[in-house]
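Given next are the chains, with one letter for each unit.
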Amino acid sequence: MNAPSRQHRQPDSGASLILAIGFVMMVGLISAGLLALATSGLNNRTTLQTLRNRQYAADGAIEQAISQVRGLTCLSANGFIVDSSLNGFAIRVDWINACGVVQSGDRGTTAAASSSDGTVAAQRNVVFSACESTGAACDPTKVIVRATVDFQQAAAGAVTKTYVQSWSVNR
Amino acid sequence: MTTNRSTRDVGETLIEVLFTIVIVGLTFSALFASLATAGNAGIAQRNSVQGDVVIRNYAEATKAAAQTCVAGGTYTVVYPTLLPTGFSTTMSVVGTIGSGGVVAVGTCPPVATPQLLTLKVTGPLGLQSTMQIKVNTP
């Protein structure tokens, strides 16, 4: 009577320990997953903040370039600046100075227009490209912000107003 | 014979149960600790995201306000929506233009000199986010 009972009990011995170990492993995996998720989220925040700071650094560098280009004329050559003052990034801004359409009549096709009545004589469209400075011109595939700005110039050549025609954040 | 076997079986089961209880207790402690950590990390993450949204909104509002500038004038920065609970913002001029902390109202920069601003957002649990921007008088 007792022998069969012993045979039934022996296979069960240690089952609780195995269950406990299995439980520990399951909880460990859940904990590891939770911590990995939290860590991943916080790391992503850091990455996104760096990206945000870089975008606004490029944005500010273009503002700086706009103020510089404002003093140029329609005949000025293309150029660039390197702005290292924002958010710890060195941003290079290249610009292409495209002499724009001029009002009809005798006002010519350049900024040196003949009108002296103070009306807009020229529209100088300048394309700005901002990227992280590498010492070379901006690679089109690595442009962070690209902007097209219209400088309206009076006959005397001074810019009277700037209009942002496009402002795109690319990366 | 029967008594001895019965005693041994009971003893083994008790030890197993005790071990199991201890292990499960420790495991639950670890589980709760990790849940608490994950919860705190989630809160920190949420605050960080909100801080990012606030500082971006503030930057865009500042740039938009500066677009109305005329040389020698002022511009007023109005945060576009209600600030989330526990958040506050400040804006200060750190460039050569102006002096001292300007909050909400800025002096328009000269046409040829962009204004360098530092935006700072303070949030719950000591969150601080700082970013520099430049604004121009168009």
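Keep in mind the model is a prediction, meaning the values are calculated, not measured. (Residues numbered from 1 in each chain as written. Chains lettered and ligands numbered in written order. Predicted model: local features only at pLDDT ≥ 70, side-chain atom pairs only at ≥ 80, totals over all residues.)

Asks: Account for the overall build of chain B, with residues named and values stated.
Replies: Assigned secondary structure in chain B consists of one helix and five strands. Secondary structure elements in chain B, listed N-terminal to C-terminal, are α-β-β-β-β-β. Burial analysis of chain B (138 residues in total) assigns 27% to the buried set. Across chain B, every contact between residues at least 6 apart in sequence was considered, and the portion connecting residues at least 24 apart equals 61%. (Helix = DSSP H or I, 4+ residues; strand = E, 2+ residues; numbered from the N terminus. Buried ≥ 20, exposed ≤ 12 C-beta atoms within 10 Å, placed from the backbone. Contact = placed C-beta atoms within 7 Å.)

Asks: Explain the overall build of chain A residue by residue, including any values.
Replies: In terms of helices and strands, chain A carries two helices and five strands. Of the regular secondary structure in chain A, the N- to C-terminal order runs α-α-β-β-β-β-β. Sequence separation of at least 24 residues holds for 56% of the intrachain contacts in chain A that already meet a minimum separation of 6.

Asks: Tell me about the interface of chain A and chain B, residues and numbers included.
Replies: Listed per partner, the contact involves 37 residues of chain A and 37 residues of chain B. Counting residues per element, the ones that place at least two in the side of chain A that touches chain B are helix 1 (2–9), helix 2 (15–70), strand 1 (79–86) and strand 5 (159–169) of chain A. Broken down by element, the side of chain A that touches chain B gets its largest block of residues, 27 residues, from helix 2 of chain A. Considered class by class, the residues forming the side of chain A that touches chain B number 15 nonpolar, 14 polar and eight charged. (Nonpolar A, V, L, I, M, F, W, Y, C, P; charged D, E, K, R; others polar.)

Asks: Mind laying out the confidence of the model for chain B, listing which residues take part and the relevant values?
Replies: Residues and elements named next belong to chain B. Chain-level statistics for chain B give a pLDDT mean of 77 and a share of 81% at 70 or above. At the low end of the mean pLDDT range in chain B sits strand 2 (residues 88–93), at 69; at the high end sits strand 5 (residues 128–135), at 89. The low-confidence segment residues 94–103, where pLDDT is below 50, has 16 contacts with residues more than four positions distant or belonging to other chains. Predicted as a complex, the structure gets a pTM of 0.73 and an ipTM equal to 0.73. (pLDDT = per-residue confidence, 0-100.)

Asks: Tell me about unusual backbone geometry, and please be specific about residues and values.
Replies: Despite not being glycine, N87(A) shows a phi value in the positive range, around 55°. Mapped onto the elements of the fold, N87(A) is located in the loop between strand 1 and strand 2 (89–102). We classify N87(A) as buried; it has 20 C-beta atoms within 10 Å. In this structure, L125(B) is a non-glycine residue whose phi angle is positive, near 55°. With respect to the helices, strands and loops of the structure, L125(B) is situated in the loop between strand 4 (115–122) and strand 5. L125(B) gets classed as exposed once you count the C-beta atoms within 10 Å, which come to 10.

Asks: Could you give an account of the environment of L127(B), naming the residues involved and the relevant values?
Replies: Residue and element names in this part refer to chain B. As for its placement among the helices and strands, L127 is situated in the loop between strand 4 and strand 5. Taking C-alpha positions, L127 is 33 Å from L26, a pair spaced 101 residues apart along the chain. Beyond its immediate stretch of four places on either side in the chain, L127 contacts N47, S48, G51 and T122.

Asks: I'd love a proper account of the environment of V24(A), names of residues and values included.
Replies: With respect to the helices, strands and loops of the structure, V24(A) is situated in helix 2. If we ignore the near neighbours within four places in the chain, the residues touching V24(A) are I23(B) and T27(B).

Asks: Describe the nonpolar core, and please don't skip the residues or the numbers.
Replies: Grouped together as the largest cluster of nonpolar side chains are 42 residues, with contacts concentrated most on A58(A), A61(A), I62(A), A65(A), V93(A), F128(A) and A130(A). If you list the elements that add at least two residues to this core, you get helix 2, strand 2, strand 3 (120–132) and strand 4 (145–154) of chain A together with helix 1 (2–66), strand 4 and strand 5 of chain B. It is helix 2 of chain A that provides the largest number of residues to this core, a total of eight residues. Discounting chain neighbours no more than four positions away, the residues touching F128(A) are I62(A), A65(A), V93(A), W95(A), R146(A), A147(A) and V149(A). (Core = buried A, V, L, I, M, F, W, Y, C linked by C-beta atoms within 7 Å.)

Asks: So what's going on with the confidence of the model for chain A? Which residues, and what values?
Replies: Residue and element names in this part refer to chain A. Within chain A, residue pLDDT values average 79, and 77% of them lie at 70 or more. Mean pLDDT across the elements of chain A bottoms out in helix 1 (50) and peaks in strand 1 (88). Every residue in residues 104–116 scores below 50 in pLDDT, and together they form 28 contacts with partners more than four places removed in sequence or on other chains.

Asks: Can you explain the environment of Q132(B)? Please cite residues and give values.
Replies: Mapped onto the elements of the fold, Q132(B) is located in strand 5. Along the backbone, Q132(B) and I55(B) are 77 residues apart, and their C-alpha atoms lie at a distance of 10 Å. Here Q132(B) is in contact with G60(A), L86(A), N87(A), L116(B), L117(B) and T118(B), once residues within four sequence places are set aside.

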